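Structural features, examined
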Amino acid sequence: MLLNWTVMILYNYFSAMFVGPGYVPLGWTPEKSQDCMYLQYCKVCQSYKAPRSHHCRKCNRCVMKMDHHCPWINNCCGYQNHASFTLFLLLAPLGCIHASFIFVMTMYTQLYNRISFGWSSVKIDMSAAKRDPRPIIPFGLSAFAASLFALGLALGTTIAVGMLFIIQMKVILTNKTSIESWIEEKAKDRIQYYQTGETFIFPYDMGSKWKNFKQVFTWSGIPEGDGLDWPVRDGCHQYSLTIEQLKQKADKRVRSVRYRAVEDYSGVCCPVTKGVKTFFTTPCTEEPRIALSKGDLILATRGLKHWMYGEKILDSAADGAIRERGWFPRKCVEKCQYDSETDQPEDGEKKNR
C-alpha cells in the first residue's frame, strides 16, 4: 500500500510538472475582430489574453486558466494540469498519514520491548530488545532518531500540503482559480467604492458543485474544452470577466499616484542602506523589485508602510517597450506635486469615474 501511494504521488507530480498548464498560442486573436475590445493585449506574447488566461512572469507566457505559479513543480498550475496538481495535493497527505502510522507503531513496539520498570526509575535500553532477542530489523538509537525525524516531516507535510488541497478544492467547486477569486473580491470593492449599483456575477460558476467538479476532473484525465472558450451561466457571456478586468485596470489608473525617485535603489530584495525597518519589512512575495535612479518617475498602485509597488514611467512606453513593475522602498521616492490646483482631480469627479 505504501508503494502504491508513492507511485500515484510521483505520477501526478510529474504529470503536473511536464504536461504543463497549456499556453495561449502566440499571436492569438479572437475569431470575431470586434471581440478584441473586451480583451487585454499582451505585449510580450504579441497576442490578446484569452478569457481566464494571465501572463506569468516566470514562464514568460500567457497561461490558460492560470491559478498560480508553483515553484515545487517549476511550472504554472492551469488548464491542463490542474487536476494532476490537485490529486498530488490529495495523495501526498494520505501517503504521509500512512507513513506516520507506520512510524508511530514501529517506535511504540520497539520502545515497549526495550523498556524496564524498577522501583525508583524507568530505564530504556536501545542496544537490544529484552523480550525479542532477535528483531527482524535492527532498531538502535540512530534508527529511533531517524524515525522520529521522518515522523515530523510526515506530519508537517500532511498539515501544509493538506491545507493547500483544501484551498484548491474550494476554488474548484466554485469553478474559479485563485486569481479569479481575487478578481471577484476586487469587483465587490470597486462596486462598493463607486456605488455604481452593479451586481457582479462570476460567469463560469455552473451553479452546481458537481458540474464545477467535472470541469476539472474527467475520467480521461483531459479537461473539458480547449482552454480558450468556456461555458458560462445564464445571464453572462464569454467576456463578462474580461470586461470586469478592464474596469479594474481603468480604476487602477485612477487611484494610482505619481512619485519621483529622490534616491538611487539597486533593486536588491533586502537593502541594507535604506534603514533597518525597510530591511526587515521587505515584502514576502515573488513579485520583483525595480531599480530606481534619482529623477525616475513611478506610478504607484499599492503600498505597505515602508514599501510601495508600482510601474516605472518610461519614455519609450509608447513604442511598446516592456513595462517595469515591482516593489521599491518608500523612503526612496517622494510624491509629485501638481503644477496647479486645477490639475488635481476633484473628489466628486474621481467618484463618478
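Presented here is a report on the structure given in the accompanying data block. (Residues numbered from 1 in each chain as written. Predicted model: local features only at pLDDT ≥ 70, side-chain atom pairs only at ≥ 80, totals over all residues. Heavy atoms only, no water.)

Secondary structure summary: the protein contains eight helices and 13 strands in total. Within the protein, the proportion of its 353 residues that are buried is 38%. Nonlocal contacts in the protein, meaning residues at least 24 apart in sequence, comprise 63% of its contacts between residues at least 6 apart. Taken as a whole, the protein presents about 21500 Å² of accessible surface, with 59% of it coming from carbon and sulfur. (Helix = DSSP H or I, 4+ residues; strand = E, 2+ residues; numbered from the N terminus. Buried < 20%, exposed > 50% of the residue type's maximum accessible area, 1.4 Å probe, protein only. Contact = heavy atoms within 4.5 Å. Areas by Shrake-Rupley, 256 points an atom, 1.4 Å probe, with all protein chains shown as cover.)

Moving on to the sheet that holds strand S11 (residues 307–312). Read across the open sheet, the five strands follow the order S12-S11-S10-S9-S13; overall the sheet is antiparallel. Of all the strands in the sheet, just strand S12 (325–329) and strand S13 (333–335) have a single pairing partner and so form its edges. Between one strand axis and the next, the sheet turns by 45° as a mean value, whatever way the strands run. Where S11 and S12 come together, five bridges link them in antiparallel fashion. Along S12, the bridge assignment pairs Gly310 with Gly326. (Pairing = 2+ DSSP bridges. Axes fitted to C-alpha atoms, helices over the stretch in contact; angles between N-to-C directions.)

Going through the model one piece at a time under the given rule, you end up with 13 aromatic pairs. The interplanar angle of 75° and the centroid separation of 5.3 Å between the aromatic rings of Tyr13 and Phe14 together place this pair among those described as edge-to-face. An angle of 65° between the planes, with centres 5.5 Å apart, marks the rings of Tyr309 and Trp327 as edge-to-face. Here Tyr309 is found in strand S11, whereas its partner Trp327 is found in strand S12, with 18 residues between them in sequence. For the pair Tyr309 and Trp327, one class covers both residues: buried. Pairwise contacts between aromatic rings join Tyr13, Phe14, Phe18 and Phe88 into one cluster. One residue, Arg52, lies across the ring of Tyr204, its end atom 4.4 Å from the ring centre. (Phe/Tyr/Trp six-rings, centres within 6.5 Å; stacked < 30°, edge-to-face > 60°. Lys NZ or Arg CZ within 6 Å of the ring centre and 35° of its normal.)

What follows is about the pattern of salt bridges. Scanning the model with the defined rule gives 10 salt bridges in all. As a salt-bridge pair, Glu244 and Arg190 come within 2.9 Å of each other at their nearest N and O atoms. Remark: Arg190 occurs in helix H4 (residues 178–194) and Glu244 occurs in helix H6 (residues 240–255); sequence separation between them is 54 residues. As far as burial versus exposure is concerned, Glu244 and Arg190 are alike and both buried. One network of salt bridges, with partners in common, ties together Arg190, Glu198, Glu244 and Lys247. (Salt bridge = Lys/Arg side-chain N within 4 Å of Asp/Glu carboxyl O.)

Residue placement: Leu111 occurs in helix H2 (residues 82–114). Separated by 33 residues in the primary sequence, Leu111 and Phe144 have C-alpha atoms spaced 9.2 Å apart.

Our focus in this paragraph is the nonpolar core. By size, the foremost hydrophobic cluster in this structure holds 21 residues, and its most contacted members are Ile9, Ile73, Phe85, Phe88, Leu89 and Ile172. Going through the elements one at a time, helix H1 (2–19), H2 and helix H3 (141–173) are the ones with two or more residues in this core. Top contributing element to this core by residue count: H2, with six residues. What Ile73 contacts, discounting residues up to four positions off in sequence, is Tyr13, Ala16, Met17, Asn81 and Phe85. (Core = buried A, V, L, I, M, F, W, Y, C linked by side-chain atoms within 4.5 Å.)

The next point concerns the packing of H4 against H6. The interhelical angle for the contact between H4 and H6, taken along N-to-C directions, is 60°, at an axis separation of 10 Å. It follows from the interaxial angle that H4 and H6 lie oblique. Considering how the two elements wind past one another, H4 and H6 form a crossing that is left-handed. Residues Glu180, Ile183, Lys186, Ala187, Arg190, Tyr193 and Tyr194 of H4 touch H6, and the partners they reach there are Leu241, Glu244, Gln245, Lys247, Gln248, Asp251, Val254 and Arg255. The residue makeup of the contact of H4 with H6, split by class, is six nonpolar, two polar and seven charged. (Parallel < 35°, antiparallel > 145°, perpendicular 65-115°, else oblique. Left-handed = near helix turned anticlockwise from the far one by under 90°. Nonpolar A, V, L, I, M, F, W, Y, C, P; charged D, E, K, R; others polar.)

Turning next to H4. Spanning 17 residues, H4 covers 25 Å between terminal C-alpha atoms, matching the ideal 24 Å at 1.5 Å per step. Considered for burial, the residues of H4 that qualify are Glu180, Ile183, Glu184, Ala187, Arg190, Ile191 and Tyr194. On an axial view of H4, the arc spanned by its buried residues comes to 120°, and they lie on one face. In this structure, H4 carries Trp182 and Gln192 as exposed residues pointing more than 90 degrees from its buried face. Just past H4, the residue Gln195 takes up positive phi, approximately 50°. (Expected span 1.5 Å × (residues − 1). Arc of directions from axis to C-beta.)

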